[in-house]
Amino acid sequence: MTAPAISVKGLGKRYRLHRGPGYRTLRETITGAGPSLFSKGAVDEGKFWALRDLSFDVPAGDTLGIVGRNGAGKSTLLKILSRITSPTEGRIDIRGRVSSLLEVGTGFHPELTGRENIFLNGAILGMHRAEVTRNLDAIVAFAEIEKFLDTPVKHYSSGMYVRLAFAVAAHLQTDIMIVDEVLAVGDAEFQKKCLGRIQSVSATGRTVLFVSHNMSALGQLCKRGIVLKEGRAVMDAPIQEAIQSYLGSAAAAADQGDFPEDTTKKVQVRRIAPLTLSGEPANEFNCRQGFIVAVDVQAHERVKFAVIVALNTAQGVRLLRTVSADSLQKFTELDGGRRLRLAAVIPAKIFNEGVFSATAWVVPGSAGVYDWAEGGLFTLRDTEGMISFIGERKTDTSALRLDIEWRELQ
Amino acid sequence: MSNTASASPETADVITIKPASGWIPLELSEVWRYRELLFFFIWRDIKVRYRQTIFGLAWAIIQPLLPTFIFSVFFGKLAHMPSEGAPYPLFVFAAMVPWQFFAYSVSESANSLVSNRNLITKIYFPRVLIPLSAVGTGFVDFLVGLGGIFAMMAIYHVAPTPSLLFIPVFVVLAAASAFGVGLWLAALNALYRDVRYTVPFLVQFWLFATPIVYSARIVPERWRAVYGLNPMTGVIEGFRWSILGVGQAPGTEIFSSAIAILVILVSGLYFFRRTESIIADVI
């Protein structure tokens, strides 16, 4: 038995809850109004444990999926594992070089060309120059940007930008790869390509840690799954069992609550809430009645944006995409600090019975994405019709169920 | 897939992640491992900084030249400030170039963590590279400015003396004091944004507390050691002496400046490391 690639023991991370602005002024600290830098374990008021008593091992070559609703501690765990923030208690031993894809395109500079950004990004991700040079062709081919290699990336389309960013990160030669939800960006074809890339990485015996709301991707990629709830691991089992347990639990609620505030973004998706037509939150809707996907957007500075909502099957197939504004004049404008709820009203009789999820983006008038997030799973049921009993088994029905007119033709 | 074999987990180094407490080791070897990233940061900043400018890198000379001109008119021509026998504009310019190096590096460092917070909250690398690259970028400007000094010496027919050989010593001291002060301000600014507003005044005040428009000789001998506690006193005096070869080699103030620099640098490194562990959570 060799030592595990990642060994987590009694890990805990405590955060202080912020009031007001995200940073302190000197006056606050001097007068004791703000939290003090060096104080430890004083009062527990206004503090919460994002992670607690977390222990698990990942053997080398294993692929581990992490499931849990927003605020369950997934992102915190990944941030600690990739050494962005340090834990409050416990310890982690990592054997091997780690690459983490927490957000693709980190460190890209708009003024620099594609080629320059590949080298810069490679260095940020810990690659040596020679390594980048060796992989340059593969990266460029993967990203499909051959013709624009020497164009500043500020002129790239958002698709090209994301492809390039993923390509650089995916071609790192590391022992352990940590992947957070990078797959919801880009088109379906590119998503498939990314999944394939991660799969081939794990096939070469490297260790992969994967966080996603996309259950089918998790099922395909991972052998094992850990379900996080309120900062603790409630299940550690083969991936299908973990997924089933997560989907069966209330933790998989349609409204996953607020996404954590991130003031590094201009504007943010704070919440995705599926609602009934009368505005009641629910996990289950009637196919024959339609429903609402409400998106809470919070601006951190004055910004003009549109919201895109997409609906997907639980297997991650995108069924529909709708934009809040079809021209720049109709874009929404929001002052910094303000929060706004925009709702897409999904008409009745479009979808069949089944489990679905919503994805939301906030986008600027130009190329790029301000922020995006994946909502929880919700169920559509037909409480009146007989459709689920007609024909073959329920799993063989289609995702769409439009109001199709039938005629008898002569 | 490339065929490079990655180190197997059995042989690879073990990284241990633990709560940060007490004196956190500086891990300078890790900074060395990431040296390529440092060069990339410097390269990126230089490349982006002078993009879409008409004068480009010439700004590295124009920036110290403009205040030199103003000081020469007011202090040189009108107030007849003594300049140890050297032409007054050259006397000021030879101090202005290393001063700009310091001032630029310090102001850039102070804001560096905040302006790079997208990186800091998303990916790991030794954070100290960020203020260090600000000093590196300042250094490139400094080298151009140094060329400007030699050009001005040629214009004023001032020949270099053997004391020129000491220049590297003072350049290292200038870089060390910029880095040390930069570390303190960068970490403080990440915690308290008040710092950002005080830096411009600090730099302005510091300029006059340093022998740039005047000579350190106007300070009485018995106060020199105290005066040298301003780290830039020793740096500027020493630098000007080795360039122009005028006056006698400065002693006391360089000694106390060197000690001040060492204290600021080492304490700055530890304070920065201490802040580093919580930086992604508070920035």
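Remember, it's a predicted structure, so these values are computed and weren't measured experimentally.

Novice: Go over the overall build of chain B with me, naming the residues and quoting the values.
Specialist: For chain B, the helix and strand inventory stands at eleven helices and one strand. Secondary structure elements in chain B, listed N-terminal to C-terminal, are β-α-α-α-α-α-α-α-α-α-α-α. For 283 residues, the compact-globule estimate of 2.2 N^0.38 gives 19 Å, and chain B sits close to it at 21 Å. By principal-axis analysis of the C-alpha atoms, chain B measures approximately 70 × 45 × 35 Å. Relative to its 283 residues, chain B shows a buried fraction of 53%. Within chain B, counting contacts between residues at least 6 apart in sequence, those at least 24 apart form 82% of the total. Side-chain charges of chain B comprise 19 positive and 15 negative groups, with the mean position of each set lying 5 Å from the other.

Novice: Run through the overall build of chain A, naming residues and quoting values.
Specialist: On a plain count of helices and strands, chain A comes out with eight helices and 18 strands. Split into buried and exposed, the 410 residues of chain A put 53% on the buried side. Long-range pairs, those at least 24 residues apart, make up 71% of the contacts in chain A with a sequence separation of at least 6. Surface accessibility of chain A: about 18,800 Å² in total, with carbon and sulfur atoms responsible for 52%.

Novice: Any chance you could break down the packing of helix 3 (residues 114-124) of chain A against helix 5 (residues 158-170) of chain A for me, citing the residues and the numbers?
Specialist: Residues and elements named next belong to chain A. At their nearest, the axes of helix 3 and helix 5 sit 10 Å apart, and the two run at 40 degrees to each other. In terms of axis orientation, helix 3 runs oblique to helix 5. When the axes of helix 3 and helix 5 are compared, the crossing they make is right-handed. Along its contact with helix 3, which presents Gly 114, Ile 118, Asn 121 and Gly 122, the element helix 5 presents Leu 164, Ala 165 and Val 168. Among the residues making up the contact of helix 3 with helix 5, the classes are represented as four nonpolar, three polar and no charged.

Novice: Pulling in residues and values, what's your account of the side chain of Ser202(A)?
Specialist: Residues and elements named next belong to chain A. With respect to the helices and strands, Ser 202 occurs in helix 6 (residues 188-203). Among the polar contacts made by the side chain of Ser 202, one reaches the main-chain carbonyl oxygen of Gln 199 at a distance of 2.9 Å. Among residues more than four places away in sequence, those in contact with Ser 202 are Thr 63 and Val 208.

Novice: Account for the interface of chain B and chain A, with residues named and values stated.
Specialist: Facing the 50 residues of chain B at the interface are 61 residues of chain A. On inspection of chain B and its partner chain A, the count reaches four salt bridges. Here Lys13(A) and Asp281(B) are joined by a salt bridge, their closest N and O atoms 2.7 Å apart. Counting across the interface, chain B meets chain A through ten residue pairs in polar contact (both at pLDDT 80 or more). Those elements giving two or more residues to the side of chain B that touches chain A turn out to be strand 1 (14-17), helix 1 (28-33), helix 2 (35-49), helix 5 (117-120), helix 8 (194-208) and helix 11 (252-282) of chain B. Of the residues in the side of chain B that touches chain A, the class split is 24 nonpolar, nine polar and 17 charged. Two elements, strand 4 (residues 89-95) of chain A and strand 1 of chain B, share four bridges in a ladder whose sense is antiparallel. Across the sheet, Arg95(A) pairs through a bridge with Val14(B), a residue of strand 1 of chain B.

Novice: Describe unusual backbone geometry, with residues and values.
Specialist: Non-glycine residue Lys349(A) carries a positive phi angle of around 55 degrees. With respect to the secondary-structure elements, Lys349(A) resides in the loop between strand 16 (339-346) and strand 17 (354-363). Unlike most non-glycine residues, His80(B) shows phi in positive territory, near 50 degrees.

Novice: So what's going on with the confidence of the model for chain B? Residues and values would help.
Specialist: Any region with low pLDDT has predicted coordinates that should not be read closely. Residues and elements named next belong to chain B. For chain B, per-residue confidence averages 87 on the pLDDT scale, and 94% of positions sit at 70 or higher. The low-confidence segment residues 1-11, where pLDDT is below 50, has 15 contacts with residues more than four positions distant or belonging to other chains. Overall fold confidence for the complex sits at a pTM of 0.76, while the interface term, ipTM, reaches 0.77.

Novice: Can you tell me about the environment of Asp45(B), naming the residues and giving the values?
Specialist: Residues and elements named next belong to chain B. On the secondary structure map, Asp 45 appears in helix 2. The class for Asp 45 is partly exposed, based on a relative accessible area of 23%. Distance from Asp 45 to Thr 137, taken between C-alpha atoms, is 6.8 Å for residues 92 residues apart in sequence. Non-local contacts of Asp 45, meaning those with residues more than four positions away in its chain, are made with Ser 133 and Thr 137.

Novice: So what about the pairing of strand 14 (residues 318-323) of chain A? Which residues, and what values?
Specialist: Residues and elements named next belong to chain A. Taken together, the five bridges between strand 13 (residues 303-313) and strand 14 define a ladder with antiparallel strand orientation. Among the inter-strand pairings, Ile 308 is bridged to a residue of strand 14, identified as Val 323. Between strand 13 and strand 14, which pair antiparallel in sequence order, lie four residues; one of them, Gly 316, sits at a positive phi of approximately 90 degrees.

Novice: If you had to explain the pairing of strand 3 (residues 63-67) of chain A to someone new, which residues and values would you point to?
Specialist: All names here are of chain A. Most of strand 3 is tucked away: five of the five residues are buried. Residue alternation in strand 3 divides its side chains into two sets, Thr 63, Gly 65 and Val 67 and Leu 64 and Ile 66, and both sets are buried. Here strand 3 pairs with strand 7 (residues 207-211) via four bridges, running parallel. Residue pairing in the sheet places Leu 64 in a bridge with Leu 209 of strand 7. Sheet topology note: the strand 3/strand 8 (residues 224-229) ladder contains four bridges and is parallel. Its bridge partner being in strand 8, Ile 66 is matched across the sheet by Ile 226.

Novice: Give me the packing of helix 3 (residues 59-78) of chain B against helix 6 (residues 129-155) of chain B: which residues, what numbers.
Specialist: Residue and element names in this part refer to chain B. Across the interface, helix 3 lies against helix 6 with an axial gap of 8 Å and an inter-helix angle of 65 degrees. The chirality of how helix 3 crosses helix 6 is right-handed. On helix 6, the residues that touch Ala 60, Ile 61 and Leu 65 of helix 3 are Asp 141, Val 144, Gly 145, Gly 148 and Met 152. Its residues placed into classes, the contact of helix 3 with helix 6 shows five nonpolar, two polar and one charged.

Novice: Tell me about the sheet that holds strand 3 of chain A, residues and numbers included.
Specialist: Residue and element names in this part refer to chain A. As summarised here, the arrangement of the six strands in space is 5-6-7-3-8-9, forming an open sheet in which the pairing is mixed. Two strands bound the open sheet, and with one partner strand each, they are strand 5 (98-101) and strand 9 (232-238). Between one strand axis and the next, the sheet turns by 15 degrees as a mean value, whatever way the strands run. In terms of strand pairing, strand 8 meets strand 9 through six bridges, oriented antiparallel. Of the residues in strand 9, the one forming a bridge with Lys 229 is Arg 232. Across the face of the sheet, helix 8 (residues 239-248) comes into contact with strand 3, strand 8 and strand 9 while running at roughly 135 degrees to strand 9.

Novice: Mind laying out the pattern of salt bridges, listing which residues take part and the relevant values?
Specialist: Residue and element names in this part refer to chain A. Considering all chains together, one arrives at 32 salt bridges over all chains under this definition. Arg 271 is paired through a salt bridge with Asp 258; the nearest N and O atoms lie 3.1 Å apart. Taken together, the residues span a long stretch of sequence, with Arg 271 in strand 10 (residues 267-275) and Asp 258 in the loop between helix 8 and strand 10 at a distance of 13 residues. The network of salt bridges with common partners includes Asp 258, Glu 261, Arg 270, Arg 271, Asp 296, Arg 339 and Arg 341.

Reading the values: rules and limits
All residue numbers refer to positions counted from 1 along the written sequence of the respective chain. Written order decides the labels, with chains lettered from A and ligands numbered from 1. Whole-chain, interface and lining totals are the exception, using all residues; otherwise, since this is a predicted model, local features are given only for residues with pLDDT of at least 70 and side-chain atom pairs are given and counted only at 80 or more. Hydrogen atoms and water are omitted, and side-chain values are computed over all heavy atoms in the structure. The helix count covers DSSP runs of H or I at least four residues long, the strand count covers runs of E at least two residues long, and both are numbered beginning at the N terminus. Our radius of gyration looks at C-alpha atoms and nothing else; its globule reference is 2.2 Å times the residue count to the power 0.38. Burial classes follow relative accessibility: with a 1.4 Å probe on protein chains only, a residue under 20% of its type's maximum area counts as buried, one over 50% as exposed, and anything between as partly exposed. In this analysis, two residues are considered to be in contact whenever any of their non-hydrogen atoms come within 4.5 Å of each other. Counted charges follow a simple rule, with Lys and Arg positive, Asp and Glu negative, and His plus the chain ends left uncounted. A single reference atom marks each charge: NZ on Lys, CZ on Arg, CG on Asp, CD on Glu. All accessible areas in this document rest on Shrake-Rupley with a 1.4 Å probe, and a residue is counted as covered only by the protein chains that are shown. In this analysis an axis means a line fitted to C-alpha atoms, helices contributing only their contacting stretch, and an angle means the value between N-to-C directions, from 0 to 180 degrees. Angle categories are assigned with fixed cut-offs, so that under 35 degrees is roughly parallel, over 145 is roughly antiparallel, 65 to 115 is roughly perpendicular, and the rest are oblique. Here a crossing is called left-handed whenever its near helix is offset anticlockwise from the far helix by less than a right angle, and right-handed whenever the offset is clockwise. Put simply, Ala, Val, Leu, Ile, Met, Phe, Trp, Tyr, Cys and Pro go in the nonpolar bin, Asp, Glu, Lys and Arg in the charged bin, and everything else, Gly too, in the polar bin. Each polar contact in these results corresponds to two N or O atoms within 3.5 Å; when the atoms are within protein, one needs to be able to donate a hydrogen and the other to accept it, and residues that are neighboring in sequence are counted only if both atoms are side-chain atoms. Salt bridge criterion: a side-chain nitrogen from Lys or Arg within 4 Å of a carboxyl oxygen from Asp or Glu. At least two bridges found by DSSP between two strands are what make those strands a pair. Per-residue confidence from the predictor is given as pLDDT, running between 0 and 100.

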